[in-house]
Amino acid sequence: MTENTSAYEEGWMLVSDDGYITDLGEGSPSENILAGEIEVVSLEGKILMPGFVSGHSHLWQSAFRGIAPDGELWPWLDAIHRTYGSDFATGDMKAFTAHGAWDQLCHGVTTTYNHTHWLDHDYAIFVEQLDGEMDVPQRFVFSSCVDLAEEPSVWKQRFVDLMAESKQVPTKNFLSLALNLRPYGPPSVAAAQVELAEALDINYQLHYLEQSGRQEMDRSAWPGYREAGVPSGRATFAHFIHVDDTILSESAEAGAGMIWNPLSNGRLGSGLPDISTYLESGLKVGMGVDGQASADISDPFENLRMGLYALRMRDENSDGLQPIDILRLHTIQTAKTLGVDAFVGSLEEGKFADFLVVDPQSPITGPIWDIPAHLVFSCSSANIESVYVGGAKVVSSGEPVDFDLLPLAKEVEERISEMRKRHASTQAE
Ligand SMILES: [Zn+2]
């Protein structure tokens with residue numbers, strides 16, 4: 001997935017006991033390497049590729065699939081956040097988050113950006129979202145909010161406490177902390193959060209230019225964002241569909257990035273960003289599978305096809321993005337946009353051995369003419385034979401290797417059932 005290499009018809013990769021890629025190449029490994037104390041795993045006939053990276057997700061939404069099927073963003077938010085947000089009980093958030101993380105991992109997303117939420121609760125809701133992720137071998141960037149009612153000095157301490165957990169990098173799955181920037185109010189509110197991110201040396205992300213019906217209002221916020229210093233190398237905009245020339249060029253110039261979420265943008269009728277123009281402008285572009293309540297199956301292969309085909313339908317030609325380009329967008333380019341490309345996003349010496357073994361013969365997809373095209377056009381997550389994180393097999397044939405998903409799935413069912421009862425009783429009062 002790196003810029004200078006493409007797929008090898010035949011290749012090899014050496015992984016250390018502690019889970020890093022230590023060497024790789026085309027053809028066969030040298031006699032020297034084969035003579036070492038190594039365990040050889042043959043993947044003949046299969047495709048080895050880096051794990052997918054999702055640059056924008058809300059893992060807890062895994063418990064809310066299929067909800068508000070006719071809703072665009074705002075009514076959809078009403079149906080989830082504003083309907084059930086206050087009905088969450090202790091433990092719900094942790095269980096839903098773990099459910100969402102396992103779902104993504106089983107579909108080949110080995111690194112995710114978990115953009116967490118308050119939902120009218122106290123700070124414990126973030127700790128639950130962190131705990132839910134820590135129990136799953138998926139790597140993640142943890143994006144947490146600040147309580148706008150609190151003083152910035154309190155914000156800082158809360159983030160320092162959360163960061164203490166991330167000091168275990170790079171042996172843990174917690175890659176880094178980030179800020180879920182909430183620019184509500186005058187520009188000084190966003191400016192204080194930008195200052196916090198600078199002081200802590202972390203990146204931030206915010207939803208911007210998502211719902212089509214609100215695009216003019218959203219664009220009118222830009223001068224305030226500019227004044228607050230929001231467009232910068234630390235910024236990624238989730239969705240970022242309805243830009244104008246000023247917003248695009250100023251974002252690109254500032255070194256900002258955007259995360260494209262084709263499945264979610266299709267489900268919610270949000271729109272199609274002009275990705276080729278964004279790339280030409282120099283904007284960093286990554287991809288995400290968003291939360292499972294708006295991309296109800298977190299299948300990155302489906303996300304790739306949805307995005308690529310939508311662009312080709314709109315353009316009425318196939319001149320733009322090619323399969324290798326969109327594969328890079330969902331792996332190395334997302335990692336670069338999030339600032340975690342030193343660890344993940346491609347198969348390179350020194351990076352984590354996070355990869356997928358894709359079997360194009362199960363289910364049978366036919367002979368391979370072109371490897372990237374075969375992956376993007378012909379494969380689905382059903383072809384993922386196994387998922388490795390840090391050199392360890394964590395998913396085999398769609399199921400976790402060392403974890404029984406059924407009790408967690410059952411717990412989530414029960415928790416949702418209880419939540420709906422609680423909600424009905426508060427409505428009756
Ligand atoms: Zn989102």
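Going by the structure above, here's the rest.
Residues numbered from 1 in each chain as written. Predicted model: local features only at pLDDT ≥ 70, side-chain atom pairs only at ≥ 80, totals over all residues. Heavy atoms only, no water.

Visitor: Describe the nonpolar core, and please don't skip the residues or the numbers.
Guide: Among the nonpolar cores identified, the biggest contains 99 residues, and Phe64 and Phe96 are the most heavily contacted of them. Ranked by residue count, the leading element in this core is helix H3 (residues 92-106), at eight residues. Mapping this core onto the domain boundaries places at least three of its residues in each of domain 1 (11-49 + 355-397) and domain 2 (52-338). For phenylalanine 96, the contacting residues outside a window of four places in its chain are Leu59, Trp60, Ser62, Ala63, Phe64, Phe88, Val412, Arg415, Ile416 and Met419. Membership of the second largest hydrophobic core comes to eleven residues, among which are Val53, Tyr113, Leu175 and Leu338. (Core = buried A, V, L, I, M, F, W, Y, C linked by side-chain atoms within 4.5 Å. Buried < 20%, exposed > 50% of the residue type's maximum accessible area, 1.4 Å probe, protein only. Helix = DSSP H or I, 4+ residues; strand = E, 2+ residues; numbered from the N terminus. Domains from an automatic or database assignment. Contact = heavy atoms within 4.5 Å.)

Visitor: Quick one: what's the story with the coordination of the zinc ion, residue by residue and with numbers?
Guide: For the zinc ion, the full set of protein donor atoms is His56 (NE2), His58 (NE2) and His207 (NE2), and the range of their distances to it is 2.0 to 2.1 Å. Motif for the zinc ion, donor spacing along one chain: H-x1-H-x148-H. (Donors = N, O, S within 2.8 Å, 3.2 Å for Na, K, Ca; no water.)

Visitor: Please give an account of the packing of aromatic side chains that cites residues and values.
Guide: The final tally for this structure, using the stated rule, is 26 aromatic pairs. Relative to phenylalanine 126, the ring of tryptophan 118 has its centre 4.7 Å away and its plane inclined at 80°; by these criteria the two rings are edge-to-face. Note on tryptophan 118: relative accessible area 11%, which makes it buried. Measuring from centroid to centroid gives 4.5 Å for phenylalanine 355 and tyrosine 388, while their planes differ by 15°, and the two rings are stacked. (Phe/Tyr/Trp six-rings, centres within 6.5 Å; stacked < 30°, edge-to-face > 60°.)

Visitor: Give me a nonpolar patch on the surface: which residues, what numbers.
Guide: Together, Leu34, Ile38 and Val40 give the surface a local cluster of nonpolar side chains, amounting to about 260 Å² of exposed area. Within the element layout of this structure, isoleucine 38 appears in the loop between helix H1 (31-35) and strand E3 (47-50). (Patch = residues over 30% accessible without salt bridge, like charges linked within 9 Å, V, L, I, M, F, W, Y side chains within 5 Å. Areas by Shrake-Rupley, 256 points an atom, 1.4 Å probe, with all protein chains shown as cover. Salt bridge = Lys/Arg side-chain N within 4 Å of Asp/Glu carboxyl O.)

Visitor: Give me the lowdown on the packing of H3 against helix H16 (residues 405-428), citing residues and values where you can.
Guide: Two elements in contact, H3 and H16, have axes whose closest approach is 10 Å; the angle formed by their N-to-C orientations is 135°. For the element pair H3 / H16, the angle class is oblique. Of the two possible hands of crossing, H3 and H16 adopt the one that is left-handed. On H16, the residues touching Asp92, Ala95, Phe96, Ala98, His99 and Trp102 of H3 are Leu405, Leu408, Ala409, Glu411, Val412, Arg415, Ile416, Met419 and Arg422. When the residues that make up the contact of H3 with H16 are grouped by side-chain class, the tally is ten nonpolar, one polar and four charged. (Axes fitted to C-alpha atoms, helices over the stretch in contact; angles between N-to-C directions. Parallel < 35°, antiparallel > 145°, perpendicular 65-115°, else oblique. Left-handed = near helix turned anticlockwise from the far one by under 90°. Nonpolar A, V, L, I, M, F, W, Y, C, P; charged D, E, K, R; others polar.)

Visitor: So what's going on with H16? Residues and values would help.
Guide: With 24 residues, H16 extends 35 Å from end C-alpha to end C-alpha; this agrees with the ideal 34 Å at 1.5 Å per step. Looking only at H16, the buried set comprises Leu408, Val412, Ile416, Met419 and His423. Those residues of H16 that are buried lie in contact with helix H2 (73-84) and H3. Near the N-terminus of H16, the side chain that reaches the backbone nitrogen of leucine 406, with its oxygen 3.2 Å away, is that of aspartate 404. (Expected span 1.5 Å × (residues − 1). Polar contact = N/O pair within 3.5 Å; in protein donor to acceptor, adjacent residues only side chain to side chain.)

Visitor: With reference to specific residues and values, describe the sheet that holds strand E8 (residues 203-208).
Guide: Taken together, eight strands build an open sheet; the order of strands is E4-E5-E6-E7-E8-E9-E10-E11 and the sheet is parallel. Two strands bound the open sheet, and with one partner strand each, they are strand E4 (52-57) and strand E11 (284-287). Neighbouring strand axes in the sheet, compared pairwise and without regard to direction, differ in orientation by 25° on average. Judged from the five bridges that link them, strand E6 (residues 139-144) and strand E7 (residues 174-180) form a sheet pairing that is parallel. Following the sheet pairing, phenylalanine 142 is matched in E7 by leucine 177. (Pairing = 2+ DSSP bridges.)

Visitor: Which residues make up the packing of helix H12 (residues 300-315) against helix H15 (residues 371-378), and what values go with them?
Guide: The N-to-C vectors of H12 and H15 enclose an angle of 95°; their axes lie 8 Å apart at closest approach. The angle between H12 and H15 falls in the class roughly perpendicular. Between H12, through Phe301, Leu304, Arg305, Leu308, Tyr309 and Arg312, and H15, the contact on the second element is made entirely by Leu375, Val376, Phe377 and Ser378.

Visitor: Quick one: what's the story with the sheet that holds strand E14 (residues 392-396), residue by residue and with numbers?
Guide: In spatial order, the strands read E3-E12-E13-E14-E15; together these five strands make up an open sheet with antiparallel pairing. A single partner strand is all that each edge strand has here, and the edge strands are E3 and strand E15 (399-400). In the sheet, strand E12 (residues 355-358) pairs with strand E13 (residues 384-389) via four bridges, with the strands oriented antiparallel. From the neighbouring strand, valine 357 faces E13, where its bridge partner is serine 386. Its contacts with the sheet place H3 against E13, E14 and E15, and it is angled at close to 95° to E14.

Visitor: Give a detailed account of the environment of threonine 331, specifying residues and quantitative values.
Guide: For threonine 331, the position within the fold is in the loop between helix H13 (323-329) and helix H14 (332-338). The exposure class of threonine 331 is buried, given its relative accessible area of 0%. Between the C-alpha atom of threonine 331 and that of serine 57, which follows or precedes it by 274 residues, the distance is 15 Å. Setting aside chain neighbours within four positions, we find threonine 331 in contact with Met1, Pro50, Gly51, Phe52, Val53 and Gly345. Within polar-contact distance, the side chain of threonine 331 engages the backbone oxygen of leucine 327 at 2.8 Å.

Visitor: Describe the pattern of salt bridges, naming the residues involved and giving the relevant values.
Guide: With the rule as written, the count across this model stands at 17 salt bridges. In this structure, arginine 158 and glutamate 150 form a salt bridge, with 2.7 Å as the shortest nitrogen-oxygen distance. Ionic pairing is found between aspartate 274 and arginine 314, a salt bridge with its closest N-O pair at 3.3 Å. Pair noted here: aspartate 274 is in the loop between helix H10 (262-267) and helix H11 (275-281) and arginine 314 is in helix H12, with a separation of 40 residues, a long-range link. Given the relative accessible area of 29%, aspartate 274 is considered partly exposed.

Visitor: Describe in detail unusual backbone geometry, supporting the description with residues and values.
Guide: The residue after serine 362, namely proline 363, is reached through a cis peptide bond having omega -5°. Assignment of secondary structure puts proline 363 in the loop between E12 and H15. Unusually for a residue other than glycine, aspartate 290 sits at a positive phi of about 50°. As for its position among the elements, aspartate 290 is in the loop between E11 and H12. Of note in the backbone geometry, serine 397 takes a positive phi value of approximately 50° without being a glycine.

Take it as geometry only, folks, not as evidence of what the structure does.
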